[in-house]
Amino acid sequence: MLVETLEKGGFSHIVVNDTFSSNDLDGQERAFVTRLFTGVLERLILIDSIINAYSKTNTQKMKPVIRNILRLSVYQLFYMDSVPDHAAINEAVLLAKKKGFGGLTGFVNGVLRNIQRNGIPENLPENVRCCTPKWFYEKMVQQEGKEAAEGFFYACLESGKNVSVRLNLRKESKENIVKSLIADGCKVEKDPEIKEAVYISGFEKLTELNAYKNGLIFIQDTSSMNIGVEAGNALSEKTPKLIIDVCAAPGGKSTHLAEKYPEARIISRDLTPEKTKLIEENRTRLGLSNVECQVWDALSLDETLVEKADLVVADLPCSGLGVIGNKPDIKWRVKEKDLKELEQLQKNILTVVQSYVKPDGILIYSTCTVNQGENSDNVQWFTENYPFELQKEKKFLPGRDNSDGFYIAVLKRK
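Notes on the structure in this doc start here. Note that this is a predicted model, so its numbers are computed, not measured.

Applying the stated rule across the entire model yields 24 salt bridges. For Glu126, the salt bridge is made with Lys146, and the minimal N-O distance between the two is 3.2 Å. Of this pair, Glu126 sits in helix α8 (residues 126-129) while Lys146 sits in helix α10 (residues 146-155); the two residues are 20 residues apart in sequence, bridging distant segments of the chain. Given the relative accessible area of 35%, Glu126 is considered partly exposed. Taking relative accessible area as the criterion, Lys146 reaches 38% and is therefore assigned partly exposed.

Looking now at the sheet that holds strand β1 (residues 163-167). What holds strands together in a sheet is hydrogen bonding between their backbones, with the strands either parallel or antiparallel. With antiparallel pairing, four strands are arranged side by side in an open sheet as β2-β3-β1-β4. Single-partner strands in this sheet number two, and they are β2 (187-190) and β4 (217-219). Strand after strand, the sheet turns through a mean of 35 degrees between neighbouring axes, direction not considered. Relative to β4, β1 is paired through three bridges, and the arrangement is antiparallel. Bridge pairing links Arg166 to Phe218 in β4.

Two numbers describe a pair of packed helices, the interaxial angle and the distance between the axes. Two numbers describe how helix α17 (residues 336-353) lies on helix α18 (residues 376-385): the axes approach to 11 Å, and their chain directions differ by 35 degrees. By crossing handedness, the relation of α17 to α18 is classed as right-handed. The segment α17 lies against α18, with Glu343, Gln346, Lys347, Leu350 and Thr351 engaging Asn378, Trp381 and Phe382. In terms of residue class, the contact of α17 with α18 is built from three nonpolar, three polar and two charged.

Take helix α14 (residues 252-260) next. For α14, a buried count of eight out of nine residues is recorded, marking the element as mostly surrounded by other parts of the structure. Among all positions in α14, only Gly252, Lys253, Ser254, Thr255, His256, Leu257, Ala258 and Glu259 are buried.

Attention shifts here to the layout of surface pockets. The gaps left among the atoms become clear once a water-sized probe is rolled over them. Its boundaries defined by the atoms lining it, the second largest pocket holds a volume of some 770 Å³. Lining of the second largest pocket is provided by 25 residues; of these, Met1, Leu36, Leu72, Leu95 and Lys99 occupy positions nearest its centre. Counting only elements with at least two residues in the lining of the second largest pocket, the list comes to α1 (2-7), α3 (27-42), α5 (64-79) and α6 (85-98). At seven residues, α6 tops the list of elements feeding residues into the lining of the second largest pocket. The class makeup of the residues in the lining of the second largest pocket is 17 nonpolar, three polar and five charged.

A word on unusual backbone geometry. The residue after Ala249, namely Pro250, is reached through a cis peptide bond having omega 5 degrees. The residue Pro250 is located in the loop between β5 (242-245) and α14 in this model. Residue Cys131 is not a glycine yet carries a positive backbone phi of 55 degrees. Within the secondary structure layout, Cys131 lies in the loop between α8 and α9 (134-144).

Tracing the chain through its elements places Ile408 in strand β11 (residues 406-413). On the basis of relative accessible area, Ile408 is assigned to the buried category, the value being 1%. Distance in space between the C-alpha atoms of Ile408 and Ser82 is 41 Å, their sequence separation being 326 residues. Residues in contact with Ile408, not counting those within four places in the same chain, are Ser223, Asn226, Ile227, Ile364, Tyr365, Ser366, Lys392, Glu393, Lys394 and Phe396.

With respect to the helices and strands, Phe203 occurs in the loop between β3 (197-201) and α12 (210-213). Judged by its relative accessible area of 22%, Phe203 is partly exposed. C-alpha separation for the pair Phe203 and Asp270, spaced 67 residues apart in sequence, amounts to 31 Å.

What follows covers the sheet that holds strand β7 (residues 291-295). Judged by pairing direction, the sheet is mixed, and its seven strands sit side by side in the order β7-β6-β5-β8-β9-β11-β10 without closing on themselves. Of all the strands in the sheet, the pair left with one neighbour each is β7 and β10 (388-396). For this sheet, the mean inter-axis angle between neighbouring strands, taken without regard to orientation, is 15 degrees. Here six bridges tie strand β8 (residues 309-315) to strand β9 (residues 357-367), and the two strands are oriented parallel to one another. Note that in β9 the partner of Asp315 across the bridge is Ser366. Contacts from α17 reach β8 and β9, with the element oriented near 160 degrees to β9.

This brings us to the packing of α6 against helix α7 (residues 105-118). Between α6 and α7, the shortest axis-to-axis distance is 9 Å and the interhelical angle comes to 160 degrees. Relative to α7, the element α6 is oriented roughly antiparallel. As α6 packs across α7, the resulting crossing turns out to be right-handed. Residue-level inspection shows Asp85, Ile89, Asn90, Ala92, Val93, Ala96 and Lys97 of α6 in contact with α7, the latter providing Thr105, Val108, Asn109, Leu112, Arg113 and Gln116.

What counts and what doesn't
- Residues numbered from 1 in each chain as written.
- Predicted model: local features only at pLDDT ≥ 70, side-chain atom pairs only at ≥ 80, totals over all residues.
- Heavy atoms only, no water.
- Salt bridge = Lys/Arg side-chain N within 4 Å of Asp/Glu carboxyl O.
- Helix = DSSP H or I, 4+ residues; strand = E, 2+ residues; numbered from the N terminus.
- Buried < 20%, exposed > 50% of the residue type's maximum accessible area, 1.4 Å probe, protein only.
- Pairing = 2+ DSSP bridges.
- Axes fitted to C-alpha atoms, helices over the stretch in contact; angles between N-to-C directions.
- Left-handed = near helix turned anticlockwise from the far one by under 90°.
- Contact = heavy atoms within 4.5 Å.
- Nonpolar A, V, L, I, M, F, W, Y, C, P; charged D, E, K, R; others polar.
- 1 Å grid on protein atoms, 1.4 Å probe; cavity = no way out; pocket = protein on both sides within 12 Å on 5 of 7 lines; lining within 4 Å.
- Points joined across faces, edges and corners; volume = space filled by probe spheres on them.
- Parallel < 35°, antiparallel > 145°, perpendicular 65-115°, else oblique.

If you want it as structure tokens, here you go:
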């Protein structure tokens, strides 16, 4: 799994799903594999710094299989109390031999014994302690201050986070959905602010829960649920006739709004048939008939919808730097040079989709990143160039908020 992600460019969440779908592992085994895999991705820069401190060969010059075996073992040595040190080292040696590197078993054993004896080196750079690339660490410190930035990075390293789900209150009462979750062995904690949100833990496979099968829950972070909440606040008592979600997959925002406004027509779009299929599947499972799934490039203007929508939701493609707690490979995948391209892409999409908002209508712009350039800077540019005024702005930061990193701007057309 590590080779597939770090050496071949696979996406961690897809690698996990593909691995588990093709292996008959029980719940305990899946949990162990997931923690080990995710843990290495989360702390990769620190783990490599530890290995390089005690190895004459830099990790980047090692065979890919060998460096990933060492990474697995170092994570177990320092972050998994359930695995004895001798077991972690012995398994690494056996694994090197099994993978065809019998001649390197002495090297693997020697490096790991050295690390075991000496521990984590002192005086590591601050970004290494926070397990994040230097450019990202410096950007966040400049943007949020040292305390908040480091709080964010450390919060994203916490394992065993509860899963937030949205309850489909259009289909069943909150009380009955919670009862169903508890009956299936879940621990349930209610969100103090969002009535349709709960946090669940203690389950083996979420898709096997009766509440999931019966369309009573949708997996969605509370930060994203706030789009639906803020849409309701902005529309006030007004009942929208047309809502357009321009980058909708997998359908969390569209279905949330469909539950809130069953009389509204909701056009739910994304770029490819594969993405709209995900929306379709979730719409069907949740039993929502007022969501229309359409393949459409958000950069292309649809003349038939100009000034027709009461609400446009633009949750746009972004760097994803707010969700590194769930997808830690983003830290190593995204480079600083990528940010400017994404900022421009967002501006290009906003230029098109703002046309769909009718006078006095609402545009909600959101991203799942903590990069200010993709968030408030873009909103400032937008309000300076288009007839919209910023009504509300919300920023979510792990370590400060119990959610992913997220940004929402509520804009009203003049």
